[in-house]
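Listed below, chain by chain, are the residues.
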Amino acid sequence: MYDRLKQLETLRASFEQQGWAYAHQMFPPEVAMATLRMFETELGNSREAYEGIWGKGPFTENFCFENYAYRSPFHATILWTLTPYMQAMTGKELLPTTSYFRVYRKGDVCKLHVDRAAAEYAISLTLAYSDNIAWPLWLSEGNFESENSNHSAAADIPEGTQLPMLKVPMLPGDAVIYDGVRKLHGRAEPNPNEWSAHLFFDFVDRHGPYAEHAFDRRGDIFVQPSSFEFPDVDGPKEKAS
Ligand SMILES: [Fe+2]
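Right, let's walk through the structure included here. None of the values given here were measured: they were computed from a predicted structure.

**Examining the overall build of the chain**
What the chain contains, in helices and strands, is five helices and twelve strands. Taking 2.2 N^0.38 as the reference for a compact globule, 241 residues should give roughly 18 Å; the C-alpha atoms of the chain span a radius of gyration of 19 Å, in line with that estimate. For the chain, the C-alpha atoms occupy an extent of roughly 75 × 40 × 40 Å along the three principal directions. For the chain, the proportion of its 241 residues judged to be buried stands at 37%. Intrachain contacts of the chain at a sequence separation of at least 6 include 81% that bridge at least 24 residues.

As structure tokens, then:
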């Protein structure tokens, strides 16, 4: 049996000491599979049917299926509900910022880069590989000091940069937790699968220098009180089952 409490302690120590941690089965494989199925159902699975973003990011050569959390309530809710997990992992008081869903194709790479400030605390989660071949995430051992000191945008690395890199092989449900602003990361080897599906979740320290990125600066839309109205007299509505 996998001791989850021990895993949490190990991950937390690893994150504190090295700025990253490998969370084996952060999502149980069944949950990873069901989550991808939900994305497929909600957003479609062909270029014609897809209702997310058919787009090309700054670090990919090819178009891919992508979705930004705030386009889909179910996607945003996954991001928000991971906040307590990430707080336990980092020991910080966090707020969620953004999340992306992405399906890479065979031969794709994700160029090494550092993220913008919104990814002060980041999760890269693998959901599935079409051919079950692990496609490792590359991560710099040390920190990369970007010239973009306020981290207003994700930055490509200057040519000639040499930092020792770790390659973390990830199975479905596995995640890497890392400092997205200071750890150089990407997938520099071509994807060996026909496709692979991933989720990325970002958070900031609510007391830290990037706190303004909480809710991707859309707190005024989402962080609002709710209200419910009931009729004066209860009618013959369906009974709750
Ligand atoms: Fe990134």
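**Looking at the environment of Tyr210**
Position of Tyr210 among the secondary structure elements: in the loop between strand E12 (195-205) and helix H5 (219-222). The exposure class assigned to Tyr210 is buried, which follows from the 22 C-beta atoms found within 10 Å. Separated by 93 residues in sequence, Tyr210 and Ala117 place their C-alpha atoms 6.1 Å apart. Setting aside its immediate chain neighbours within four residues, Tyr210 contacts Ala117, Ala118, Glu120 and Val204.

**Focus on helix H3 (residues 73-81)**
Note: α-helices contain 3.6 residues per turn, so residues at a spacing of three or four share the same orientation. Taken together, the buried positions of H3 are His75, Ala76 and Leu79. For H3, the angular spread of buried residues about the axis comes to 100 degrees, placing them on one side. Away from the buried face of H3 by more than 90 degrees, exposed residues Pro73, Thr77 and Thr81 are located. Residues of H3 that are buried make contact with strand E3 (64-68), strand E4 (94-105) and E12.

**Digging into the environment of Lys183**
Within the secondary structure, Lys183 sits in the loop between strand E10 (175-178) and strand E11 (185-187). Aside from chain neighbours lying at most four places away, what touches Lys183 is Gly19, Trp20, Leu139, Ser140, Asn143, Phe144 and Tyr178.

**Brief notes about the pairing of E4**
Across the twelve residues that make up E4, a large majority, ten, are buried. When E3 meets E4, the two strands line up antiparallel, connected through four bridges. Note that in E4 the partner of Phe65 across the bridge is Val103. Both E4 and E12 contribute to a ladder of ten bridges, which runs antiparallel. Looking at the pairing, Val103 lines up with Ala197 of E12.

**Digging into the packing of helix H1 (residues 4-18) against helix H4 (residues 83-90)**
Between H1 and H4, the least distance of the axes is 7 Å, while the angle of their chain directions is 65 degrees. Between H1 and H4, the angle is such that the two are roughly perpendicular. Facing H1, whose interface residues are Leu8, Leu11, Arg12 and Phe15, H4 presents Ala88, Met89 and Thr90. When grouped by side-chain class, the residues that make up the contact of H1 with H4 number five nonpolar, one polar and one charged.

**Thoughts on the nonpolar core**
Ranked by size, the top nonpolar core spans 54 residues in total, and within it Ala21, Ile123, Val176, Ile177 and Val204 carry the most contacts. Among the elements that make up this core, the one with the highest residue count is strand E6 (residues 121-129) (seven residues). Once residues within four sequence positions are removed from consideration, Ile177 is found in contact with Leu11, Phe15, Trp20, Ala21, Ala23, Met89 and Ile123.

Conventions used here
- Residues numbered from 1 in each chain as written.
- Predicted model: local features only at pLDDT ≥ 70, side-chain atom pairs only at ≥ 80, totals over all residues.
- Helix = DSSP H or I, 4+ residues; strand = E, 2+ residues; numbered from the N terminus.
- Rg over C-alpha atoms; globule rule 2.2 N^0.38 Å.
- Buried ≥ 20, exposed ≤ 12 C-beta atoms within 10 Å, placed from the backbone.
- Contact = placed C-beta atoms within 7 Å.
- Arc of directions from axis to C-beta.
- Pairing = 2+ DSSP bridges.
- Axes fitted to C-alpha atoms, helices over the stretch in contact; angles between N-to-C directions.
- Parallel < 35°, antiparallel > 145°, perpendicular 65-115°, else oblique.
- Nonpolar A, V, L, I, M, F, W, Y, C, P; charged D, E, K, R; others polar.
- Core = buried A, V, L, I, M, F, W, Y, C linked by C-beta atoms within 7 Å.

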